[in-house]
Number of protein chains: 2
Amino acid sequence: MAKQGVTTRVGQPRPNTAGTRAELVEAAITTLQTEGFGGSSARAIARTAGCNQALVFYHFGSVANLLLAALDATSERRMVRYGEAVDAADGLGPMVEVAARIYREDLDAGHMSVLAEMIAGSSSTPGLGAEVSARLEPWFGFAEDATLRALRGSPLADLVPTRDVAFAVVALYLGIEFLAHLDGDRSQAESLFSTAKRLSDLMGLVFPVAAHDGGDDPR
Amino acid sequence: MAKQGVTTRVGQPRPNTAGTRAELVEAAITTLQTEGFGGSSARAIARTAGCNQALVFYHFGSVANLLLAALDATSERRMVRYGEAVDAADGLGPMVEVAARIYREDLDAGHMSVLAEMIAGSSSTPGLGAEVSARLEPWFGFAEDATLRALRGSPLADLVPTRDVAFAVVALYLGIEFLAHLDGDRSQAESLFSTAKRLSDLMGLVFPVAAHDGGDDPR
DNA sequence: GTCTATACTTGGATAGAC
DNA sequence: GTCTATCCAAGTATAGAC
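Residues numbered from 1 in each chain as written. Chains lettered and ligands numbered in written order. Predicted model: local features only at pLDDT ≥ 70, side-chain atom pairs only at ≥ 80, totals over all residues. Heavy atoms only, no water.

A. Fine view of the packing of aromatic side chains. Residues and elements named next belong to chain A. Taken as a whole and judged by the stated rule, the model has 13 aromatic pairs over all chains. Plain terms: the ring middles of Trp139 and Phe142 are 5.7 Å apart, the flat faces sit at 75 degrees to each other, and that makes the pair edge-to-face. Of the two residues, Trp139 and Phe142 are both situated in helix H7 (residues 128-151); the distance of 3 residues between them amounts to about one turn of the helix. Assigned by exposure class, Trp139 and Phe142 land together as buried. (Phe/Tyr/Trp six-rings, centres within 6.5 Å; stacked < 30°, edge-to-face > 60°. Helix = DSSP H or I, 4+ residues; strand = E, 2+ residues; numbered from the N terminus. Buried < 20%, exposed > 50% of the residue type's maximum accessible area, 1.4 Å probe, protein only.)

B. Molecular detail of empty space enclosed by the protein. Per the counting criterion, the structure on display carries 2 cavities of 30 Å³ or more. Looking at the lining of the largest cavity, the elements with two or more residues in it are helix H6 (111-122) and helix H9 (162-183) of chain A. Looking at the lining of the largest cavity element by element, the count peaks at 4 residues for H9(A). In terms of residue class, the lining of the largest cavity is built from 4 nonpolar, 3 polar and 2 charged. Of the volumes computed, that of the second largest cavity is approximately 40 Å³. Forming the boundary of the second largest cavity are B:Tyr103, B:Asp106, B:Leu107, B:Met112, B:Tyr173 and B:Glu177. Those elements that place two or more of their residues in the lining of the second largest cavity are helix H5 (92-109) and helix H9 (162-183) of chain B. (1 Å grid on protein atoms, 1.4 Å probe; cavity = no way out; pocket = protein on both sides within 12 Å on 5 of 7 lines; lining within 4 Å. Points joined across faces, edges and corners; volume = space filled by probe spheres on them. Nonpolar A, V, L, I, M, F, W, Y, C, P; charged D, E, K, R; others polar.)

C. Spotlight on the nonpolar core. Formed by 122 residues in total, the largest nonpolar core has its most connected members in A:Met118 and B:Met118. Residues within four places of A:Met118 in sequence aside, it is in contact with A:Leu32, A:Phe37, A:Leu67, A:Leu68, A:Leu71, A:Leu128 and A:Val132. (Core = buried A, V, L, I, M, F, W, Y, C linked by side-chain atoms within 4.5 Å. Contact = heavy atoms within 4.5 Å.)

D. Region of interest: the side chain of A:Ser40. All names here are of chain A. Residue placement: Ser40 occurs in the loop between helix H1 (20-35) and helix H2 (42-49). When its relative accessible area of 4% is taken as the criterion, Ser40 is described as buried. Of note is the side chain of Ser40, whose polar atom sits 2.8 Å from the backbone oxygen of Gly36. Each residue touching Ser40, except ones within four places of it in the same chain, is listed here: Thr31, Leu32, Ile45, Val63 and Leu67. (Polar contact = N/O pair within 3.5 Å; in protein donor to acceptor, adjacent residues only side chain to side chain.)

Dropping the structure here:
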């Protein structure tokens, strides 16, 4: 029925080109970013990957599984990258700067996008919530570590429960991502980060770091 | 085809019972809450409303329009309610208490749920983002007003740009809603609010309020 | 205004040829 | 492993009877 028989490459099976599986994962990532969770069907992802729709089910069993694999892939990459950035930051001011840099880099790379879409889709897909939740756990740990690093040596460290701060930070990042994506406007987030920077500098004056030389308390 | 002809009430048109339109809006709200954006089809909503699927299109033209009407309905209700609560709060501590109370009440009533689902669905539905974004605008204004009220009379008022705080507050609420809904766990949010309360009390000691008699604006 | 019936589309998933 | 073909379910939307 379909016009074929001519020498088109369409319809020709490509034998095991390195890894269709990996290509599908990459395609799932970009499809989640551009079309959202609702637009990430097996057909849409396969189109992006340049392969057949049936391969989604052959390699992953279901669309949801492929999407989770996509989330795993970006998560691992970003976790490594952010770990380095955070390790290089000491104190509140530098950590806020790192946070802003991570935000920008992440917005471009789109990891938060992937995460946000998976969270968004979890409300409508039975069982997905638990899977996504489990994959979110390391990020709370990461944020808690960053919080400890940011407050180390400051009297604030004893006043604020790092677990709560970590939760708030993750929630805030998530909320910012949703809002920024909603109207494509980054400026509000940028403004917020620059204000945060200014306030953290101010905080550094009120609560000087104890660890270094004698910045003794003004009492 | 379907067995009919007997005296079942099924299949009998209910003439203009007060307002099917309003019933559909209510059904859309509960469907968004229980099934999420992806599960809120015309059929699902009509089932909840106990009426026919075709009525969605007769009354609203499209599913998206009905969902937007649902968002409008909850938004208006909650805006009135929160306005009263915020008007009764003066100073940082009381405002944080109000924020926590609003959070709990809202989680039960499910307005944030509806908003979150609409934001979630906006990534996949062309044109929806702009509509939702416009409906979010009043909430930024509301948060900004609450921020002004919370900081009135404190030296912090001159240090903190209220617009940035408002943006952060909305983003944080949104993020918390998504996270709480993901695994059905409220405890992290509760912990965060109680920590916020403790810190705001502490802040009240560091930056004491200048003048305050509960009446007209303290200058 | 409300219902039934239906046309049309898209998507998940499987069977089987290559 | 990859593709074609196909089945089936669910959704949007419209036409027309009541």
